[in-house]
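One-letter residues, chain by chain:
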Amino acid sequence: MFHTSRLILLLLFAVCTLGVDPVDSSDDYDLLIRNARVLDGTGNPWYYADIAIRADRIVAMGSMPDATALRTIDAAGLYLSPGFVDVHSHAATGLVDRELSSAIPLLAQGITTVVVNPDGGGPIDLYQQREQLLEFGLGVNVAQFVPFGSIRQFVLGMDDRAPDPSELEQMKERVRNGMEAGAIGLSSGLFYAPASYARTEEVVELAKAAAKYNGVYQSHIRDESDYTVGLQQAVEEVIHISREAGLPGVVTHIKALGPNVWGEAETIVRDIEEARNDGVEVYADQYPYNASSTSLSAALLPRWASEGGRERFLGRLENPDLLDRILREMEVNLARRGGPGRISVRRVESHPQFNDRTLLEIANEMNLPAVEAALRLLREGSPGIVSFNMTEEDVLKFMQQEWTMTSSDGGLVAMGDGTPHPRNYGSFARKIALYVQEKDQLTLSAAIRSMTSLSASVHNIPDRGLIRPGMIADLVLFDLQEVADHATYTAPHQLSTGFHYVLVNGEFAVDQGIFTETLSGRVLHRNDSSNFIEMGHQ
């Protein structure tokens, strides 16, 4: 039999979860934020309001002059918004590290939720990944994708062929397992082997499996330049998959990569608008930089050269005819990237003296043509690159669309570890500081919407992305004049600034600019409005 006090507590929790304040505004709250300029995530202009929080939920808002709380913050001069949702994040491998799990570089730019396993990569067993993520606790919330490429490689290896009916059913079963584990959808990286070997209809079949669970389809498209099918056709493939499978489609980290497709943003925007007008639910996400980051092999090697895995690639280099063909096709791919001077090579384990130098500089030091220098590096490993291959005009065109979300495409690495892309540390702060404040290309409310409610609604992440009674208290309080990204391409390990308070599930992760290292993040389950199934350690 329930004790009366226990029953009252349960009823109080149930009412709060529904977003209704069960007592009058004079009763104590856990936290009261007063005088904030509220950007509620809808895209509406800011307005003044007091926000009351109990446990992990917003329970009341408006003018509450008589309200009291265990703690009150006077937010005069600060903006209050929902916590930012990074819909394309490679942070999972860092979050499972005890030293990185507090996610300070993410919190420093206002991120409270990351969506992991993008580009079709990551583990297939999402239950196991969830356990690993929770082992040391989490500084931010995590939502998971089912990775198409990992599933294909598990079933078909690195073979360039279509699955037979039995193999296709195995792949679909893996998608179903991932969705039942709580994934929000299916991600693919059709630019990368072995996913690049998949035909469109194979992807449609797996997307249909995700659609039955109300999932979303996110894709690093087959071609962001003119490597194979071309940028326009690659975007059309996402539209086709979305239409045929009956689920939202997302062109992730949308861009027009390389001189051959510069200016095509206009065409891509038109095509997506036409699809949306026809009732196809298509979106994009974008990081606010004009340089991309990938591996040297993905940028320059023809896909056929990687078929079958690394040993077969190295074997092909011993065949003079195949070697000559590989070098010729690498020359074409290098031109697509704008030449060796636009490629900065990172993580060269075999030749650390070449770290952070351009391929042009490396080739000159080796006294080799650029593609031969690149191939020498690829014989010995798989260096990463930062590639300066976008125009500001295309970046802005994509950014200003109402269906474009904000993402980082960044990871989570130890401070001082290598020279990663600055997007790891600055994407969300940069969009506000550069494109809202300095360049006046976006309104603040539109930028916040692209980071919050749009991202949460597209990816079916419930109870987040808006400031409303009943919503989870993932919140950021920032000084607009102080928001800045400090990470650069040559010195990326610099935290963003301007975010004075960050709450994750009602707990302070940043308090008056200080990182509390309170691990209140959760692994989120698709469509679970309570999101209490997994909690990090305090």
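From a predicted model like this one, the values you see are computed outputs, not experimental measurements. (Residues numbered from 1 in each chain as written. Predicted model: local features only at pLDDT ≥ 70, side-chain atom pairs only at ≥ 80, totals over all residues. Heavy atoms only, no water.)

Engineer: Honestly, the layout of surface pockets in this entry has me stumped. Any pointers?
Structural biologist: Picture a little ball the size of a water molecule; that probe, rolled over the atoms, points out where space is still empty. Its volume calculated, the second largest pocket comes out at about 300 Å³. Around the second largest pocket sit 16 residues that line it, and Tyr227, Thr228, Leu301, Pro302 and Arg303 are the ones nearest its centre. Elements with a minimum of two residues in the lining of the second largest pocket: α11 (303-306) and α13 (320-336). If you tally residues by element for the lining of the second largest pocket, the top one is α13, at four residues. Tallied by class, residues from the lining of the second largest pocket come to eight nonpolar, three polar and five charged. (1 Å grid on protein atoms, 1.4 Å probe; cavity = no way out; pocket = protein on both sides within 12 Å on 5 of 7 lines; lining within 4 Å. Points joined across faces, edges and corners; volume = space filled by probe spheres on them. Helix = DSSP H or I, 4+ residues; strand = E, 2+ residues; numbered from the N terminus. Nonpolar A, V, L, I, M, F, W, Y, C, P; charged D, E, K, R; others polar.)

Engineer: Would you mind showing me how to read the packing of aromatic side chains here?
Structural biologist: To describe a pair of aromatic rings, one takes the distance between the centres and the angle between the planes. One pass over the full model with this rule turns up eleven aromatic pairs. Note on Phe191 and Tyr192: the rings are 5.3 Å apart at their centroids and 75° apart in plane angle, and the pair reads as edge-to-face. Of the residues examined, Phe191 reaches a relative accessible area of 7% and is grouped as buried. Looking at Tyr192, the relative accessible area reads 23%, which means it is partly exposed. Judged by centre distance (4.7 Å) and plane angle (65°), the rings of Phe388 and Tyr489 are edge-to-face. Of this pair, Phe388 sits in strand β16 (residues 384-388) while Tyr489 is found in the loop between β18 (475-478) and β19 (499-504), placing the two residues 101 residues apart along the sequence. The class for Phe388 is partly exposed, based on a relative accessible area of 26%. Connected via pairs of aromatic rings, a cluster forms that spans Trp46, Tyr48, Tyr79, Phe84, Phe428, Phe478 and Phe499. Geometry around Phe191 places Arg303 over its ring, the cationic atom sitting 4.3 Å from the centre. The ring of Tyr287 has Arg423 lying over it, and the distance from NZ or CZ to the ring centre is 4.7 Å. (Phe/Tyr/Trp six-rings, centres within 6.5 Å; stacked < 30°, edge-to-face > 60°. Buried < 20%, exposed > 50% of the residue type's maximum accessible area, 1.4 Å probe, protein only. Lys NZ or Arg CZ within 6 Å of the ring centre and 35° of its normal.)

Engineer: Any chance you could explain the pattern of salt bridges here in plain terms?
Structural biologist: This model, assessed by the stated rule, comprises 30 salt bridges. Between Arg312 and Glu307 there is a salt bridge, with the nearest N and O atoms lying 3.3 Å from each other. Classification of Arg312 as partly exposed rests on a relative accessible area of 44%. Here Asp485 makes a salt bridge to Arg430, at a shortest N to O gap of 3.6 Å. Of this pair, Asp485 sits in the loop between β18 and β19 while Arg430 sits in helix α17 (residues 423-438), placing them 55 residues apart in sequence. The same class applies to Asp485 as to Arg430, namely buried. One network of salt bridges, with partners in common, ties together Asp56, Arg57, Asp463 and Arg522. (Salt bridge = Lys/Arg side-chain N within 4 Å of Asp/Glu carboxyl O.)

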